[in-house]
Amino acid sequence: DSDIVVAAGFASQWPDAHGVFRCQAEGMVVWVNELDHIKIMCSQKGTDFRAPFERALRLEHALAEAIGREGRSFARHERLGFLSPSLFSLGTALTAGAVLTLPRLTTR
């Protein structure tokens with residue numbers, strides 16, 4: 001898989017133009033030019049899925065506004081939606097996940 005990614009040119013500027021930004025207080029991490037251009041990850045403990053989603057959404061809006069001031073925008077196709085190197089993310093470019101702790105899973 002990584003050979004395909006490298007052959008497609010995703011590592012052409014490595015290690016320049018890559019970065020990870022972390023805000024521990026907000027439980028947020030932003031990866032720049034990892035595989036996607038920008039990957040926003042928000043997490044928190046508990047069952048409230050709305051709060052981290054809303055934090056990610058606010059950050060996405062702020063980033064879109066900032067790059068808009070530079071005369072740019074996120075790559076978007078009229079029919080396909082937001083573009084991504086991953087076909088899995090094509091359209092909304094959104095993935096969501098949850099990590100569960102099941103402490104009694106192996107007890108008998």
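Now for a quick tour of the structure. (Residues numbered from 1 in each chain as written. Predicted model: local features only at pLDDT ≥ 70, side-chain atom pairs only at ≥ 80, totals over all residues. Heavy atoms only, no water.)

## Description of the sheet that holds strand β2 (residues 28-32)
To be explicit about the condition: Each pair of strands is called paired provided DSSP finds at least two bridges between the two strands. By definition, any uninterrupted DSSP run of H or I lasting at least four residues is a helix, any uninterrupted run of E lasting at least two residues is a strand, and each is numbered from the N terminus. Here an angle of 0 to 180 degrees is reported between the N-to-C directions of two axes, which are lines fitted to C-alpha atoms, with helices fitted over the stretch in contact. Every residue pair with non-hydrogen atoms within 4.5 Å of one another is taken to be in contact.
Spatially, three strands are ordered β1-β2-β3 in an open sheet, and the strand pairing comes out antiparallel. The strands lining the two open edges of the sheet, one partner per strand, are β1 (19-23) and β3 (38-42). When strand polarity is set aside, the average angle formed by the axes of neighbouring strands in this sheet is 10 degrees. The sheet contact formed by β1 and β2 spans five bridges and is antiparallel. Its bridge partner being in β2, Val20 is matched across the sheet by Trp31. Seen against the sheet, helix α2 (residues 50-69) touches β2 and β3 and runs at an angle of roughly 150 degrees to β3.

## A short note on the pattern of salt bridges
Condition: When a carboxyl oxygen of Asp or Glu lies within 4 Å of a side-chain nitrogen of Lys or Arg, that pair is called a salt bridge. Three exposure classes are used, based on accessible area relative to the maximum for each residue type with a 1.4 Å probe and protein chains only: buried under 20%, partly exposed in between, and exposed over 50%.
By the definition in use, this model includes three salt bridges. Between Arg69 and Glu65 there is a salt bridge whose closest N-O contact spans 3.2 Å. One end of the pair, Arg69, and the other, Glu65, are both in helix α2, four residues apart, so they sit about a helical turn from each other. Under the relative-accessibility criterion, Glu65 is labelled exposed at 53%.

## Considerations on the packing of aromatic side chains
Rules: We call Phe, Tyr and Trp rings a pair once their centres come within 6.5 Å, taking the six-membered ring for Trp, and we label the pair stacked below 30 degrees between planes, edge-to-face above 60, and tilted otherwise. Counting as a charge over the ring demands two things of the Lys NZ or Arg CZ atom: a distance within 6 Å of the ring centre and an angle within 35 degrees of the ring normal.
Considering all chains together, one arrives at zero aromatic pairs under this definition. One residue, Arg76, lies across the ring of Phe82, its end atom 5.3 Å from the ring centre.

## Focus on the environment of Gly97
Within the element layout of this structure, Gly97 appears in the segment after β5 (81-82). The exposure class of Gly97 is exposed, given its relative accessible area of 68%.

## A closer look at unusual backbone geometry
Backbone geometry at Ala93 places phi at a positive 60 degrees, although glycine is not the residue there. Tracing the backbone shows Ala93 in the segment after β5.

## A closer look at α2
What counts here: Given a helix with a known number of residues, its expected span is that number minus one, times 1.5 Å. Each C-beta atom gives one direction from the helix axis, and the arc is the one those directions make.
Between its first and last C-alpha atoms α2 spans 29 Å; for 20 residues at 1.5 Å apiece the expected length is 28 Å, and the two agree. Every buried residue of α2 is listed here: Pro52, Arg55 and Ala56. Viewed end-on, α2 has its buried residues packed into an arc of 95 degrees, placing them on one side of the element. Along α2, the residues that are exposed and aim more than 90 degrees away from the buried face are Arg50, Arg58, Glu65 and Arg69. At the C-terminal side of α2, Gly71 shows a positive phi close to 80 degrees.

## Digging into the pairing of β3
Sheet topology note: the β2/β3 ladder contains five bridges and is antiparallel. Bridged to Val29 within β3 is Met41. Remark: five residues form the turn of the hairpin made by β2 and β3, two consecutive strands paired antiparallel; Asn33 in that turn has positive phi of roughly 60 degrees.

Geometry only, nothing functional implied.
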